[in-house]
Each structure stands twice: as structure tokens, then as C-alpha cells.
Amino acid sequence: MIIQLNSAISPTQKNELIDELYNNAYGVQEVTTKEHSYLIAQGGKQMDIRSIGNKPYVQDIHVVQAPYPLVSSSWKEQPTKIHLNDGVQIGRKELSIIAGPCTVENEKQIDEMAKFLVTKGVKLMRGGIFKPRSSPYSYQGLGLEGLKLFHQTAHKNGLQIVTEIMEQNQIEEMYPYVDVFQVGARNAQNYKLLGALGKVDKPILLKRGFSQSLDELLHAAEYIFTGGNEKIILCERGIRTFEKSYRNTLDINAIPLLKQKSHLPVIVDPSHGIGLRNHVSSVALGCIMAGADGVLVEIHKHPQMAVSDGFQSLNFSEFSQLVENLELTFQLKNKIKPFY
Ligand code: PEP
Ligand code: MN
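Residues numbered from 1 in each chain as written. Chains lettered and ligands numbered in written order. Predicted model: local features only at pLDDT ≥ 70, side-chain atom pairs only at ≥ 80, totals over all residues. Heavy atoms only, no water.

## As for the packing of helix α3 (residues 107–119) against helix α4 (residues 144–156)
Running from N to C, α3 and α4 point in directions that differ by 25 degrees, and their axes come no closer than 9 Å. Relative to α4, α3 is oriented roughly parallel. With respect to the hand of their crossing, α3 and α4 are arranged in right-handed fashion. Packed against α3, whose contacting residues are Glu-107, Ile-110 and Asp-111, the element α4 presents Leu-149, Phe-150, Thr-153 and Lys-156 at the interface. (Axes fitted to C-alpha atoms, helices over the stretch in contact; angles between N-to-C directions. Helix = DSSP H or I, 4+ residues; strand = E, 2+ residues; numbered from the N terminus. Parallel < 35°, antiparallel > 145°, perpendicular 65-115°, else oblique. Left-handed = near helix turned anticlockwise from the far one by under 90°. Contact = heavy atoms within 4.5 Å.)

So, in C-alpha cells, the structure goes:
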């Protein structure tokens, strides 16, 4: 059960309400986000919830069966739209395109890329600064000075940035220079990091782990929400299977399922999903038809020269073509009758 509290509730009233729930054998957890205050009541006896819902300091009450109540769709009429600065929005009838290099390499690279992205109408530039490389011998990223440069160059061109955070203790130093924090596949179940990002008032792009079930992904998102941050974007980026012809198995099935189970926006990362440059675009379009709210793609002016993931990065002309096709596909998706 989710109980939304009025901001005017007094501490005494809240304690009385919690006692009433305890007396009915409920476990109660308080969740306070930037926007709202909630009590999550679980277990408990059958009771007439109107006795709680009618209290003047209770804004609303919802019976939610899902084990991840706050991110579940069952209590929200509309899917969530995430608002960033400068009117940029993610989710609910918006097509989001996030693009940029796997790794931020130098100022020239990101300045050229930012200028190019602006001509394509893209508002969010991605780029890795702290890279979670599978090998300790691979390039690990530019570090904090690189982040400052990335942020400054992007903002100078009117773009906002999405970049990966790997550890809880980086939040403070990264915070001023990040618009959207990405949690990568390797950290998808780092609950300390997820909880700590709950304290941050910036959106979190949460990638699915290599072997994470959808329920586990939604539980991970619930950690961020219960920590206090409602601005969560889910990202399907492929899982590990026996198939070795491509980098990961992008789970297109996850898209309609996540959208059914959760009110959060769902985007896809076909670059890490299929990991084959020639096929990134067709997978991206398929995911839009399956209901994704947007895509995150890796691009590079000269993919063969990229420091990392060049084999899956689109060049500028391939990306231009993709943007046109994404817009057409999104329009078509919104025109055709809903599938269910
Ligand atoms: C990335 O987006 O650069 C990345 C490392 O992705 P993932 O965590 O999905 O592997
Ligand atoms: Mn990459």
C-alpha cells in the first residue's frame, strides 16, 4: 500500500498514522523525495483503507501488490515524464535521443560532436569519463578534469550530458558537472550506489545488468526511489546469453513488459546491445516500434579511431540517417492503433 501524505502533515499526525498501521500488523517505511512524502505499508491485515484515505493529511492511498510499489505502474495513471533543464523531457510521448562517444577523448572531439548533435536537434550528449572497463589494461577514462571539460563544452553548445558514475564516493565531486547520472550494467545491483543516488536531485539513467531479470531491474530502481529520487530512466542494453554472434542479446521483450509493469520511461541502448555498427540502427528502430521512449547510441566522427567501442559506434552520416528514421518510426508508432 502506498500512502501519499500531504506536505502539511504534522509529526504527531504521522506518528499516529504509523501506529495505526503497526496495530494492523503492517510493516511501514517512510519515503521522502524532492516532490512527495510517502508511507509504504506492507503485509498487514485486511482493513478498510478508506479510514486512512479519508484523513485530511492523506493525499491519496493506493493498494499496490507489486514488490516494487513505487516504480510500479499500478498507482500512477500516466507514465512518468522526467524534466531536465531547458525544457528537455524524457518519457510520455517524447522521443529521446542520447548520443555521443563511448569515451570522451579530448576537447576537439566533443566540441565537434556537440556542434554536430545540435544540427540534428539532439539535446543530450553521452560520454564516458570514468569507464568501467572489463580489463584493467584498457583505457580508464579522463577523470574529473575531463568531466569538467565535457560539461563545459556541452553546455557552451546548449547540450546537457549523461555520464556514468561508478562509485558512491564520486557523487559529490561529479554532481556540479553532471545533468543525468548513468548507472552502468556492471553496477546495476550496487545497492549502496543506488541508494546514495536516491539522495541526488538529478535524473538517473539505470542500465539493466548483464544477468538481471526485469523484476531485479525494477527492484534496483526502487532502491533509487526509496532513497528519495523519483527521476529514474530505465535502460535495456542487452543481456548475456549463449549467442556469441553479437555482443549481447538485446531483449526487445523487456520494452513492453517494463512499460506495463512500471510508470518509468524506458530507453534502449542498441550500441551495447548488438555491438555491431551495421545493425545498430535497425535494432534501434525496432525498439521504438516496441514502445521505447528513446535510444542511447554511441557515435564517433571516425569510429575506426575511437579509443573504445569504435566497432559499434555510428559515424556522423549513419547517425544523421538514424535520426531521420527514428523520427519517422516514432510518428508511425504513435499513429498506429495500440497493440493491446
Ligand atoms: C556505456 O554506456 O558506456 C557502458 C559502459 O555501458 P554498459 O554499462 O551498458 O556496458
Ligand atoms: Mn561503450
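## A word on the site of ligand 1
As a structural note, the neighbourhood of ligand 1 is formed by Arg-126, Lys-131, Glu-164, Gln-182, Gly-184, Ala-185, Arg-186, Lys-207, Arg-237, His-272 and Glu-298. One nitrogen or oxygen atom from the side chain of Arg-237 is found 2.6 Å from an oxygen atom belonging to ligand 1. For ligand 1, whose unbound accessible area comes to 300 Å², protein coverage reaches 96%. Residues that form the shell around ligand 1 fall into these classes: one nonpolar, three polar and seven charged. (Near = heavy atom within 4 Å. Polar contact = N/O pair within 3.5 Å; in protein donor to acceptor, adjacent residues only side chain to side chain. Areas by Shrake-Rupley, 256 points an atom, 1.4 Å probe, with all protein chains shown as cover. Nonpolar A, V, L, I, M, F, W, Y, C, P; charged D, E, K, R; others polar.)

## Section: the environment of Ile-61
With respect to the helices and strands, the residue Ile-61 is situated in strand β4 (residues 58–62). The spatial distance from the C-alpha of Ile-61 to the C-alpha of Trp-75 is 8.8 Å, given a sequence separation of 14 residues. When residues no more than four places from it in sequence are discounted, the contact partners of Ile-61 are Met-1, Ile-2, Ile-3, Ile-49, Ile-52 and Gly-53.

## Remarks on the sheet that holds strand β3 (residues 37–43)
What the four strands build is an open sheet, ordered β2-β3-β1-β4; its pairing is antiparallel. Lying at the two open borders of the sheet, with one neighbouring strand each, are β2 (26–32) and β4. Direction aside, the axes of adjacent strands within the sheet are offset by 20 degrees on average. Where strand β1 (residues 2–5) lies against β4, four bridges are found, and the strand directions are antiparallel. If you follow Ile-3 over to β4, its bridge partner there is Ile-61. Contacting β1, β2, β3 and β4, helix α1 (residues 11–23) crosses the sheet at an angle of about 150 degrees to β2. (Pairing = 2+ DSSP bridges.)

## What about the sheet that holds strand β13 (residues 266–268)?
One closed barrel accounts for eight strands, arranged β7-β8-β9-β10-β11-β12-β13-β14; its pairing is parallel. Pairwise comparison of adjacent strand axes, ignoring direction, gives a mean angle of 25 degrees for this sheet. With four bridges joining them, strand β11 (residues 204–207) and strand β12 (residues 232–236) adopt parallel strand pairing. Counted as the bridge partner of Leu-206 is Leu-234 from β12. With respect to the sheet, α3 is in contact with β7 (96–100) and β8 (124–126), its orientation differing from that of β8 by roughly 145 degrees.

## Thoughts on the domain arrangement of the protein chain
Each assigned domain of the protein chain is listed with its residue range as follows: domain 1 (2–63) and domain 2 (82–335). One C-alpha centre belongs to domain 1, the other to domain 2; they are set 36 Å apart. At the junction of the two partners, domain 1 supplies eight residues and domain 2 supplies eight residues. For the pair domain 1 and domain 2, the two sides together bury roughly 600 Å², of which 52% comes from carbon and sulfur. Our count for the domain 1 to domain 2 interface comes out at zero salt bridges. Linking domain 1 to domain 2 there are two residue pairs in polar contact (both at pLDDT 80 or more). If one sorts the elements of the side of domain 1 that touches domain 2 by residue count, β2 sits on top with three residues. Looking at the side of domain 1 that touches domain 2 residue by residue, the classes come out as two nonpolar, four polar and two charged. (Domains from an automatic or database assignment. Buried area = accessible area lost by both parts, 1.4 Å probe. Salt bridge = Lys/Arg side-chain N within 4 Å of Asp/Glu carboxyl O.)

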